[in-house]
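Read off the chains here:
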Amino acid sequence: KSRLGRGFAEIRDRNRLVLRDILESAARDAGKDPDLKMIGDFYGACMDAGAIERSGLTSLEGDLQDIAAVTDAASFLRVAGRLQMAGAQVLFHTRVRGDFKDPEMAIAYLLQGGLGLPDRDYYLKDDPRSRDLREAYHAHVARMLALLGEPADSAERHAAAILDLETTLARVSLPREETRKPETIYHRMDRAGLARTAPGLPWGAYFDAIGYPDLSAISVGMPAFFATLSAAIPATPIDVLQAYLRWHLLHAVADALPAAFANENFAFYGRTLNWQKEIEPRWKRCVDATDKAMGEILGRYFVERRF
């Protein structure tokens, strides 16, 4: 572990044991309960490391083909939207929540994001630790792209370009404390206002990709971020945009890929970034993955078991 506390850490560990027992029982025999079978199948597939190794990158073939077909800003934003829906943190975050000034109405908040390091400060600080982390991040991205099959020199060049692009976004990202102020991140507008704020991006392609082509109730959290993004995307070479998408896709799903990817992901994000000496046992990661994917269903069986 990278941290430990008497309260929530102990509770989490205890609850994980209960969830593990539920999931292992479901994986062995779910009976006629379709929900129990679903979480049992999910957990069982996660635990089957041999099958994951044998399947390799088969599960990513469709996404990688989509990324390879990116030719312009519209196709880039379309694929980025689909990857966001699959859990990859590319470009920015889209969240749905109540309008700060009309809580009974739900609107879409477009918020800064798109960084592989945890916060803007990791890109901007000039102390030795920050510089070392950026060098390690650069090397990590290059290794992940190389694991995907990219030649080493190309992977190195793309990793440097990805770091440059993310640094550009970090420079116009608000400090974390500023993002906690509702009055700072609320800028309600319609699609025409969004087009004026970020005119270089074909927003129609993005909203089509996330399944809301007619979305018009929007708040742009950080107008300067989106204005910079609007200029940066058309100015970035297509091969770099493709590499950026491949990298964030790999990062998002690394733990579900063959061990080489999961171990490399842990080597940077666990050991280098957070001082964690060893990767957690697979059963703990699979319990967490099931809880993240189907927490409402799993939670029902937890309540039945514990209450």
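Preceding this section is the structure that the text describes.
Residues numbered from 1 in each chain as written. Predicted model: local features only at pLDDT ≥ 70, side-chain atom pairs only at ≥ 80, totals over all residues. Heavy atoms only, no water.

Novice: If you had to explain the packing of aromatic side chains to someone new, which residues and values would you point to?
Specialist: Per the stated rule, a full pass over the model turns up 15 aromatic pairs. Measuring from centroid to centroid gives 5.7 Å for F92 and W203, while their planes differ by 50°, and the two rings are tilted. Pair noted here: F92 is in strand β1 (residues 92-99) and W203 is in helix α11 (residues 203-209), with a separation of 111 residues, a long-range link. Here the aromatic cluster, defined as three or more aromatic residues joined through ring pairs, consists of F92, W203, Y206, F207, F225 and F226. In this structure, R20 is placed above the aromatic ring of W283, and the distance from its NZ or CZ to the ring centre is 4.2 Å. Just above the ring of Y301 sits the side chain of R300; from NZ or CZ to the centre is 4.6 Å. (Phe/Tyr/Trp six-rings, centres within 6.5 Å; stacked < 30°, edge-to-face > 60°. Helix = DSSP H or I, 4+ residues; strand = E, 2+ residues; numbered from the N terminus. Lys NZ or Arg CZ within 6 Å of the ring centre and 35° of its normal.)

Novice: Break down the sheet that holds strand β3 (residues 188-189) for me, with residues and values.
Specialist: Strand-to-strand pairing in sheets goes through backbone hydrogen bonds, with the strands running parallel or antiparallel. Strand order in the open sheet made by the four strands is β1-β2-β4-β3, with mixed pairing throughout. Two strands lie at the open edges of the sheet, namely β1 and β3, each paired on one side alone. Pairing of β3 with strand β4 (residues 218-220), which is carried by two bridges, proceeds in the antiparallel orientation. Residue pairing across strands places M189 opposite I218, the latter belonging to β4. Strands β1, β2 (102-112) and β4 of the sheet are contacted by helix α12 (residues 223-235), whose axis makes an angle of about 45° with β2. (Pairing = 2+ DSSP bridges. Contact = heavy atoms within 4.5 Å. Axes fitted to C-alpha atoms, helices over the stretch in contact; angles between N-to-C directions.)

Novice: Lay out the state of the cysteines with the relevant residues and their values.
Specialist: The tally for this structure, following the rule as stated, stands at one disulfide. For C46, the disulfide goes to C286, at an S-S distance of 2.1 Å. Taking the sign of the S-S torsion, about -85° here, the bridge from C46 to C286 comes out left-handed. Taken together, the residues C46 in helix α2 (residues 34-47) and C286 in helix α15 (residues 282-306) connect sequence positions 240 residues apart. Grouping residues by exposure puts C46 and C286 together as buried. (Disulfide = S-S within 2.5 Å. Buried < 20%, exposed > 50% of the residue type's maximum accessible area, 1.4 Å probe, protein only.)

Novice: Run through the nonpolar core, naming residues and quoting values.
Specialist: One finds L91, F92, Y137, W203, F226, L229 and L245 to be the most contacted residues of the largest nonpolar core, which totals 68 residues. With sequence-adjacent residues up to four places away left out, Y137 is seen in contact with G116, L117, Y123, L163, E166, W247, F268 and Y269. (Core = buried A, V, L, I, M, F, W, Y, C linked by side-chain atoms within 4.5 Å.)

Novice: Now, about the pairing of β1: what can you tell me, with residues and values included?
Specialist: Alignment of β1 against β2, held across eight bridges, turns out to be antiparallel. Note that in β2 the partner of R95 across the bridge is Y109. Turn length for the β1-β2 hairpin, with the two strands adjacent in sequence and antiparallel, is two residues.

Novice: Let's hear about unusual backbone geometry: which residues, and what values?
Specialist: The backbone of L91 shows a phi angle near 65°, a positive value even though the residue is not glycine. Owing to a relative accessible area of 1%, L91 belongs among the buried residues under this scheme. Although it is not a glycine, W275 adopts a positive phi angle of roughly 65°. When you line up the elements, W275 lands in the loop between α14 (259-274) and α15. What makes W275 exposed here is its relative accessible area of 63%.

Novice: Give a detailed account of the packing of helix α4 (residues 61-68) against helix α13 (residues 238-253), specifying residues and quantitative values.
Specialist: The interhelical angle for the contact between α4 and α13, taken along N-to-C directions, is 160°, at an axis separation of 9 Å. By the angle class used here, α4 and α13 are roughly antiparallel. In this structure, the crossing between α4 and α13 has a hand that is right-handed. Residue-level contacts link D63, L64, I67 and A68 of α4 to Q242, L245, R246 and L249 of α13. Across the contact of α4 with α13, the residue classes tally to five nonpolar, one polar and two charged. (Parallel < 35°, antiparallel > 145°, perpendicular 65-115°, else oblique. Left-handed = near helix turned anticlockwise from the far one by under 90°. Nonpolar A, V, L, I, M, F, W, Y, C, P; charged D, E, K, R; others polar.)

Novice: How would you summarise helix α8 (residues 152-171) if you had to cite specific residues and measurements?
Specialist: With 20 residues, α8 ought to run about 28 Å at 1.5 Å a step, and its terminal C-alpha atoms sit 29 Å apart, in line with that. Along α8, the residues that are buried comprise S154, A155, H158, A159, I162, L163, L165, E166, T167, L169 and A170. Check the buried side of α8 and you find it contacts α6 (121-124), α7 (128-147), α12 and α13. (Expected span 1.5 Å × (residues − 1).)

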